[in-house]
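Understanding the architecture of this molecule
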Amino acid sequence: MTSIFDTIKSIAFEIDHAIKTADLGYSQSENSSGEEQLKLDVQSDIIIEKAFASVSMVKDLVSEEKEGVMLLNPEGKYTICYDPLDGSSLVDVNLSVGSIFGIYEGELRASNLVASAYVVYGPRIELVVATQGQKPLLYRANNQEFKEIAPITLQSKGKLNAPGGTQQNWSASHKGFVDGLFSQGYRLRYSGGMVPDLHQILLKGGGIFSYPDTSDKPHGKLRQLFEVIPFAFIYEQAGGEAIDNKGVRLMELIPAHPHDTSPCFFGSSYEVSQLKKAYGIQH
Ligand code: AHM
Ligand code: MG
């Protein structure tokens, strides 16, 4: 597993360099979700593919920017599902973006995720790595090296509320939930990049990020294999909770297709209990 994490570290520096120097225009293609691909999305995807090609324990890759599964090393053990540059349209306006990696062993389902990691490209580059049975670890880059900073623990109650999607498409119960938190003094913190938004809640001690089912996206927007499940694992390892709109743990998801999405909520236990109340979830 160390060779996978070391590869993610070198990928982080390469993608950061691309963000700072590459052309920001669109490529000629669309990804599997029918979205126009930025040149940077494609470039980041190629950086990751090349980096893992020489890591023999990586069997195959599933990318937000590719259709299907890409075989790398038939003798390998792990499948890496990744979003090479999440929130990439925010690069235009110079906000933080990220890369997300889920490392699975065996069939692609949440219960087979063995580790996950994300990189935040902001004023500084930060990396969070989570493995079974341990608090997620925060690393910060300095002089082209990552230095371990601290384990991350989520408090049982925070102050931040990051509600995704378009309000006019929210259900009445979701609107009730969001309004309820604001009436208790919660602060709005939503940049439109799930990596920096979820990172902020983790590092500031707590709160909740939601991307619900909406009238225009009944299954949510965020992809299970390379966005939802890796972060669900990190939030649970940090002492938080991660559930869907029915109250089911996101770590029980079984995607039918690599690009399936799910409504998702990641947060501290108090905020998740408020969500369950607003949604009428009994358990
Ligand atoms: P992307 O993978 O195409 O960049 O989209 C994912 C992003 C997330 O980072 C973010 O949480 C969400 O889309 C924002 O969507 P919205 O603007 O609908 O709230
Ligand atoms: Mg994404």
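Residues numbered from 1 in each chain as written. Chains lettered and ligands numbered in written order. Predicted model: local features only at pLDDT ≥ 70, side-chain atom pairs only at ≥ 80, totals over all residues. Heavy atoms only, no water.

Here's the deal with the nonpolar core
Going by this rule: Throughout, nonpolar core names a set of buried Ala, Val, Leu, Ile, Met, Phe, Trp, Tyr and Cys residues whose side chains join them through atoms within 4.5 Å. A simple rule labels every residue: compare its accessible area, found with a 1.4 Å probe on the protein chains alone, to the largest value its type can have, and call it buried under 20%, exposed over 50%, or partly exposed in between. Segments assigned H or I by DSSP are reported as helices when at least four residues long, segments assigned E as strands when at least two residues long, and all are numbered from the N terminus. Any two residues whose heavy atoms approach within 4.5 Å at even a single point are treated as in contact.
Ranked by size, the top nonpolar core spans 40 residues in total, and within it Ile4, Ile8, Phe52, Ile80, Phe101 and Tyr121 carry the most contacts. Counting residues per element, the ones that place at least two in this core are helix 1 (2–21), helix 2 (39–53), strand 3 (58–63), strand 5 (78–86), strand 6 (97–105), strand 7 (113–121), strand 8 (125–131) and strand 9 (137–142). With nine residues, the top contributor of residues to this core is helix 1. Ignoring any residue separated from it by four or fewer positions in sequence, one finds Ile4 in contact with Phe52, Val55, Met57, Val58, Tyr78, Ile80 and Ile103. Within the second largest apolar cluster, 39 residues are counted, among which are Ile100, Leu225, Ala232 and Phe266.

Looking at the coordination of the magnesium ion (ligand 2)
So the rule is basically this: Ligating atoms shown are N, O and S within 2.8 Å of the metal, or 3.2 Å for Na, K and Ca, and water is not included, meaning a site may look less than complete.
Each protein donor to the magnesium ion (ligand 2) is listed here as Glu64 (OE), Asp83 (OD), Asp86 (OD) and Glu227 (OE); together their distances run 1.9 to 2.7 Å. All donors of the magnesium ion (ligand 2) come from a single chain, and their spacing in sequence reads E-x18-D-x2-D-x140-E. Of the two residues, Asp83 is situated in strand 5 and Glu227 in helix 5 (residues 224–237); the sequence distance between them amounts to 144 residues. A single burial state applies to Asp83 and to Glu227, both of which are buried.

Quick word on the packing of aromatic side chains
Put simply, the test is: Stacked, edge-to-face and tilted labels apply to pairs of Phe, Tyr and Trp rings (six-membered ring for Trp) whose centres lie within 6.5 Å, assigned for plane angles under 30 degrees, over 60, and everything in between, in that order.
Considering all chains together, one arrives at nine aromatic pairs under this definition. Measuring from ring centre to ring centre gives 6.1 Å for Phe209 and Phe266, while their planes differ by 55 degrees; the resulting arrangement is tilted. Highlighted residues: Phe209 in strand 13 (residues 207–211) and Phe266 in strand 15 (residues 264–267), separated in sequence by 57 residues. The residues Phe209 and Phe266 share a single accessibility class, namely buried.

Considerations on unusual backbone geometry
One non-glycine residue, Asn94, lies in the positive phi region at around 65 degrees. You can see Asn94 is positioned in the loop between strand 5 and strand 6. For Asn94, a relative accessible area of 71% corresponds to the exposed category. Look at Asn143: it is not a glycine, yet its phi comes out positive at around 50 degrees. In this fold, Asn143 is placed in the loop between strand 9 and strand 10 (145–151).

A short note on the site of ligand 1
Heads up, the condition is: Here, proximity means that at least one heavy atom of the residue falls within 4 Å of the molecule or strand. Here a polar contact is taken to be a pair of N or O atoms separated by no more than 3.5 Å, where protein atoms must pair a possible hydrogen donor with a possible acceptor and residues adjacent in sequence count only if both atoms sit in side chains. Side-chain classes are defined by residue name, with Ala, Val, Leu, Ile, Met, Phe, Trp, Tyr, Cys and Pro counting as nonpolar, Asp, Glu, Lys and Arg as charged, and the others, Gly among them, as polar.
For ligand 1, the set of nearby residues contains 18 residues, the closest of which are Asp86, Gly87, Tyr190, Met194 and Tyr211. Between ligand 1 and the protein, one listed contact pairs an oxygen atom with a side-chain N or O atom of Asp86 at 2.6 Å. Contact between ligand 1 and Tyr211: an oxygen atom at 2.6 Å from a side-chain N or O atom of the residue. In the shell around ligand 1, the residues fall into five nonpolar, six polar and seven charged.

Here we look at the sheet that holds strand 6
Picture the strands of a sheet paired through backbone hydrogen bonds; they go either parallel or antiparallel. The condition is simple: Here, a strand pair is defined by DSSP locating no fewer than two bridges between the strands. Every axis in this analysis is a line fitted to C-alpha atoms, fitted for helices over the stretch in contact. Angles between the N-to-C directions lie between 0 and 180 degrees.
Strand order in the open sheet made by the eight strands is 4-3-5-6-7-8-9-10, with mixed pairing throughout. Each of the sheet's edge strands pairs with one partner strand only, and the pair in question is strand 4 (69–71) and strand 10. Mean inter-strand twist for the sheet, computed between neighbouring axes without regard to direction, equals 20 degrees. The strands that helix 1 touches are strand 3, strand 5, strand 6, strand 7, strand 8, strand 9 and strand 10; relative to strand 7, the one it contacts most, it runs at about 25 degrees.

Things to note about the sheet that holds strand 15
Taken together, the five strands give an open sheet; going across it, the order is 12-11-13-15-14, and neighbouring strands pair in mixed fashion. Each end of this open sheet is capped by a strand with a single partner; those strands are strand 12 (187–188) and strand 14 (241–243). One ladder, built from two bridges, connects strand 11 (residues 160–163) with strand 12; its direction is parallel. Directly across from Asn161, in strand 12, lies its bridge partner Leu188. Packed on one face of the sheet, helix 6 (residues 269–279) meets strand 13, strand 14 and strand 15 and runs near 25 degrees to strand 14.

Points about the domain arrangement of the protein chain
The condition is simple: Annotation comment: domain bounds sourced from an automatic or database domain assignment. Here the quantity called buried area is the total loss of accessible area, with a 1.4 Å probe, experienced by two parts when brought into contact, counted for both. Take a side-chain nitrogen of Lys or Arg and a carboxyl oxygen of Asp or Glu: if they are within 4 Å of each other, that pair is a salt bridge.
Structurally, the protein chain comprises domain 1 (2–151) and domain 2 (160–279). Using C-alpha coordinates to define each centre, domain 1 is positioned 21 Å away from domain 2. Facing the 43 residues of domain 1 at the interface are 31 residues of domain 2. Taken together, the two surfaces of domain 1 and domain 2 that pack against each other cover about 2700 Å², and 65% of this comes from carbon and sulfur. For the domain 1 face of the interface with domain 2, the top three residues by lost area are Ile100, Ala110 and Tyr118, together amounting to 21%. Remark: the boundary between domain 1 and domain 2 carries one salt bridge. Here Glu64 and Arg223 are joined by a salt bridge, their closest N and O atoms 3.6 Å apart. Remark: the boundary between domain 1 and domain 2 carries nine residue pairs in polar contact (both at pLDDT 80 or more). In terms of residue count, strand 7 provides more of the side of domain 1 that touches domain 2 than any other element does, eight residues in total. Classifying every residue of the side of domain 1 that touches domain 2 gives 21 nonpolar, 13 polar and nine charged.

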